[in-house]
Amino acid sequence: MTRFAANHRYVAVIAGIAALALVAPGSLAHADEAAAAKVDFARDVGPIFIEHCYECHGPDAQESGLRLDQRDAALAGGDSGPLFAAGNSGQSELIRRVTADADERMPPEGANSKPLSADEISRLKTWIDAGGDWPAAAAGGSSHWSFQPIVRPEAPPVQNTTWPRSALDHFVLARLESQGIAPSPEADRYTLIKRLSYDLLGLPADPREVDAFVNDTSADAYERLVDRMLDSPHFGERWGRHWLDMARYADSDGYEKDNSRPDAWRYRDWVIEAVNDDVPLDRFTIEQLAGDLLPGADASNRLATAFHRQTLTNTEGGTDQEQWRVEAIFDRVATTGSVWLGLTVGCAQCHTHKYDPITHHEFYQLFAFFDNGDEVETEVPLVGEPLVAWRRDKEEAAAQLSKLEPKLAQARQELTAKVPAWEADLKAKAATPLEFHPVELVEIASKAGTQFKTLSDGSYLAAGENADTDEVTITAKTDLPEVTGIRIEALAHDSLGGRGPGRTGHGNFVLGEVRVAASDSSEFADKHRVKLAHATADVNQNGFPPENAIDGKENTGWAIGPKFGQDHAIVLLTEQPIRGNATPNLQLVLSQNYGGQHTLGRFRVMAVSGYDPLIGVPQNVRDILAVAAEKRTPEQTQALVEFVISQDKPTADLAAKVEKLQARATARPVMKARVVTERSDNRRTTHVMHRGDFLQPQDEVRPGTLAALPPIAA
């Protein structure tokens, strides 16, 4: 069948419905009377049993041995014998009991169901008198029409044989002729294109398209108009929307956080493209349910599995992620059942289905198919406007690179020429090594009121109650002609329980921030602040490096865990030397605001003189500097050049900008999208869950299938 033919049938159905909608309400009375003469079990009888009888004679209870939810059991009857006599409602036990006096009438008094109405009793009599036709159940035990074999109906004969254009038209026309109604005349062309455009594209027709169609006198003008609209990208947008509703498509997670899903649109566009490309239904199904498992699965196959990524996601604090993973799979099973099987399989999550032939165990066999699927990110090609934006950004980056790359090359060349002079300067500074000198204490004060005792070695020992946080200010003097840094020694002591240097039970501390000032008087202000440029320590706890003590953040710091009960030190070098003769007064503020009583118990402050030219130089560069210039390999020489360039801020900033531009200029036209893929290892074992509770796993279950349905008749 061609695509046009299939959609022409759709148009014919729409036209037929429109024609019937024009019929006056009373004109169909005769048809209603004819329909009433034939009672259909599924439509007219089964619902009576469900509403009035299942409470005592259904799947959960079979009082007096009678069960009415299964055909064979019902026809066998119960303790009172057969349920009815086919063709003779007057001799049927069923009719006798629903019309009996209160003592014997069914349903009995006190039951949740009320007695049958006169209309319901009449339907039962009519059904029995007509033979009591109760269709045999399809596989699984259901007699519902949806489980019966599909049989292609014969097209009914019609009087006006020239009107139908397809087999479907025969059914529409036969109904019209049975009511003595002639088909409506064909609509004018303005109306036809308007209806067709809304039906196929969901948009009003373009005025130019309207004029072209109205003025097109060719015999196949309408067919070609349909083809043009089917070829429009808007066709997929119009009809893909219905599938997206079934796929529970959304741009956010739902629940309390309702975080956005910025990549969700990519699956939406996959659906639109699939509709526009006439992807066959079997392929459309396979890719969305298991595209990642196809041999040689490509990005499009994997993207299709985002059908089952559309579940809600709960990221609220305190949630059990396993619970919500299981909830997502429940949703995937239920959605698969409703979309592809037309069944409410979700009921079997907690118990065997009462109305559809699905057991509790079978539900978890289906659940097992999805249990080892995980949400992951995968790369998919950019399309549409994002692809246009990528091309635009690539061109802009290339244009900027053409201007900045020559500048960077020039800067690198100039700095490369300066490497020998930089290395000579390092050697000159190394002639004045670092030395540590005691300072003369003027005052030590604690913001938290901690008392300090000065020991004979010049260290300070904290006493009294340990505060949760503290800030210690030390004022001291030095006679050094030049101060290039401060050394703070954290020392263990017997009074700290043999641990220390901190006052916590385990001996740790967190030196949050160190501030230094230098003044020629006892007055200190912001203008006296000294910038600290480098920090090194003999040890540091993971996540608490010495640099944290000079990063300007109160919630970070230097710590020593797990090296407790030992002496340690941190050296903080100034950006510019302090001229001691001109500013002999020093002020140190030791901020210890991390909390949890992580304060220093014993420490000593030393002034630093001299230089460490290798402060801030990584070990690999230090190793290169230890090798004579004439003996270095080309790789070592280049690594030294790269380090010098990285220390020149303007050049380093320019290099970073060029690197970002290069990444933009060479970026691939792809994006990340969230999909579902089968895990290859650490596979989960699926269990039947008692009443659908993930905390109550029972028997192990493996993937399986529902009972086979009968084949479609030719």
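Predicted model, so just to flag it, every value in this text is computed and none were measured.

**Q** How do you make sense of the pattern of salt bridges when you look at a structure like this?
**A** Here the idea is simple: oppositely charged side chains can pair when their charged atoms come close. This model, assessed by the stated rule, comprises 40 salt bridges. Put simply, R679 and D374 hold a salt bridge, and the shortest N to O gap is 2.8 Å. Here the residue R679 occupies a position in the loop between strand 14 (670–678) and strand 15 (687–689), and D374 occupies one in strand 1 (residues 373–381), the gap between them amounting to 305 residues. Using a relative accessible area of 18% as the deciding quantity, one classes D374 as buried. Salt bridges linked by common partners bring D457, R487, E489, R602 and R604 together as one network.

**Q** Would you mind showing me how to read the environment of A639 here?
**A** Here A639 lies in helix 20 (residues 634–647). Overall, the relative accessible area of 29% leaves A639 in the partly exposed class.

**Q** Help me understand the packing of helix 13 (residues 265–276) against helix 14 (residues 281–290), please; the structure alone is not making it clear to me.
**A** In a pair of packed helices, the angle between the axes and the distance between the axes together describe the arrangement. Running from amino to carboxyl end, helix 13 crosses helix 14 at an angle of 165 degrees, the nearest separation of the two axes being 12 Å. Classified by the angle between their axes, helix 13 and helix 14 sit roughly antiparallel to one another. Like other packed secondary-structure pairs, helix 13 and helix 14 cross with a definite hand, here right-handed. Between helix 13 and helix 14, the residues in contact are Y267, W270 and A274 and F284, E287 and Q288, respectively. Its residues assigned to classes, the contact of helix 13 with helix 14 comprises four nonpolar, one polar and one charged.

**Q** What am I meant to see in the nonpolar core here?
**A** If you look at the biggest cluster of nonpolar residues, it comprises 41 residues, and the most contacted ones within it are L200, W243, Y267 and W270. Broken down by secondary-structure element, the contributors of at least two residues to this core are helix 9 (189–200), helix 10 (207–214), helix 11 (221–230), helix 12 (233–246), helix 13, helix 15 (299–304), helix 18 (384–430) and strand 14. Setting aside residues up to four positions removed in sequence, Y267 forms contacts with W243, L244, A247, Y249, Q288, L303, A304, A306, F307 and Q310. Formed by 35 residues, the second largest nonpolar core is a distinct cluster that contains V439, L532, I560 and F564.

**Q** It is not clear to me how the packing of helix 9 against helix 11 should be interpreted in this structure. Could you clarify?
**A** The contact between helix 9 and helix 11 brings their axes to 10 Å, and the two run at 25 degrees. Our classification of the angle between helix 9 and helix 11 gives roughly parallel. Crossing of helix 9 against helix 11: the hand is right-handed. Two secondary-structure elements touch here, helix 9 through R189, L192, I193, L196, S197 and L200 and helix 11 through A221, Y222, L225, V226, M229 and L230. Residues of the contact of helix 9 with helix 11, tallied by class, amount to 10 nonpolar, one polar and one charged.

**Q** Looking at this structure, how should I read the side chain of T478?
**A** As for its placement among the helices and strands, T478 is situated in the loop between strand 6 (470–477) and strand 7 (482–490). Take T478: its relative accessible area is 9%, and that puts it in the buried class. Among the polar contacts made by the side chain of T478, one reaches the main-chain amide nitrogen of L480 at a distance of 3.2 Å. Other than its neighbours up to four places away in sequence, T478 contacts V483, G580, P584, L586 and A607.

**Q** In this structure, what is going on with the environment of S522? I would like to understand it.
**A** As for its position among the elements, S522 is in the loop between strand 8 (513–519) and strand 9 (529–530). Residues S522 and T475, spaced 47 residues apart in sequence, show a C-alpha to C-alpha distance of 8.6 Å.

**Q** Got a minute to help me understand helix 12 in this structure?
**A** Under the 1.5 Å per step criterion, the end-to-end length of helix 12 is 21 Å for 14 residues, consistent within 8% with the ideal 20 Å. The largest bend along helix 12 measures about 35 degrees and falls at G240. Those residues of helix 12 lying buried are F235, G236, R238, G240, W243 and L244. Backbone nitrogen of H234 and a side-chain oxygen of the N-cap are separated by 3.1 Å at the start of helix 12; the cap is S232. In the stretch just after helix 12, R248 is the one whose phi turns positive, near 45 degrees.

**Q** Would you take a moment to explain the packing of aromatic side chains for this structure?
**A** For any two aromatic rings, the description comes down to two numbers: the centre-to-centre distance and the angle of the planes. Enumeration according to the criterion identifies 25 aromatic pairs in this entry. Ring plane angle 75 degrees and centroid distance 5.7 Å describe the contact between F544 and Y594, whose orientation is recorded as edge-to-face. Within this pair, whereas F544 is found in the loop between strand 10 (532–537) and strand 11 (568–579), its partner Y594 is found in the loop between strand 12 (585–592) and strand 13 (602–609), the two being separated by 50 residues in sequence. Judged by its relative accessible area of 39%, Y594 falls in the partly exposed class. Ring pairing ties together the aromatic residues W243, Y267, W270, F284, F307 and W340, which thus form one cluster. R189 extends its terminal NZ or CZ atom over the ring of F213, reaching a point 4.7 Å from the ring centre. The cationic tip of R238 hangs over the ring face of W239; the distance from NZ or CZ to the ring centre is 4.5 Å.

**Q** Where do I start with the sheet that holds strand 3 (residues 440–446) in this structure?
**A** Consider a sheet: its strands pair through backbone hydrogen bonds, and that pairing is either parallel or antiparallel. Taken together, five strands build an open sheet; the order of strands is 3-6-12-8-9 and the sheet is antiparallel. Sheet topology places strand 3 and strand 9 at the edges, where each strand pairs with a single neighbour. Pairing analysis gives two bridges linking strand 8 to strand 9, with the strands arranged antiparallel. Across the sheet, V516 pairs through a bridge with V530, a residue of strand 9.

About the thresholds
- Residues numbered from 1 in each chain as written.
- Predicted model: local features only at pLDDT ≥ 70, side-chain atom pairs only at ≥ 80, totals over all residues.
- Heavy atoms only, no water.
- Salt bridge = Lys/Arg side-chain N within 4 Å of Asp/Glu carboxyl O.
- Helix = DSSP H or I, 4+ residues; strand = E, 2+ residues; numbered from the N terminus.
- Buried < 20%, exposed > 50% of the residue type's maximum accessible area, 1.4 Å probe, protein only.
- Axes fitted to C-alpha atoms, helices over the stretch in contact; angles between N-to-C directions.
- Parallel < 35°, antiparallel > 145°, perpendicular 65-115°, else oblique.
- Left-handed = near helix turned anticlockwise from the far one by under 90°.
- Contact = heavy atoms within 4.5 Å.
- Nonpolar A, V, L, I, M, F, W, Y, C, P; charged D, E, K, R; others polar.
- Core = buried A, V, L, I, M, F, W, Y, C linked by side-chain atoms within 4.5 Å.
- Polar contact = N/O pair within 3.5 Å; in protein donor to acceptor, adjacent residues only side chain to side chain.
- Expected span 1.5 Å × (residues − 1).
- Bend = angle between axes of the 7 residues up to and from the residue.
- Phe/Tyr/Trp six-rings, centres within 6.5 Å; stacked < 30°, edge-to-face > 60°.
- Lys NZ or Arg CZ within 6 Å of the ring centre and 35° of its normal.
- Pairing = 2+ DSSP bridges.

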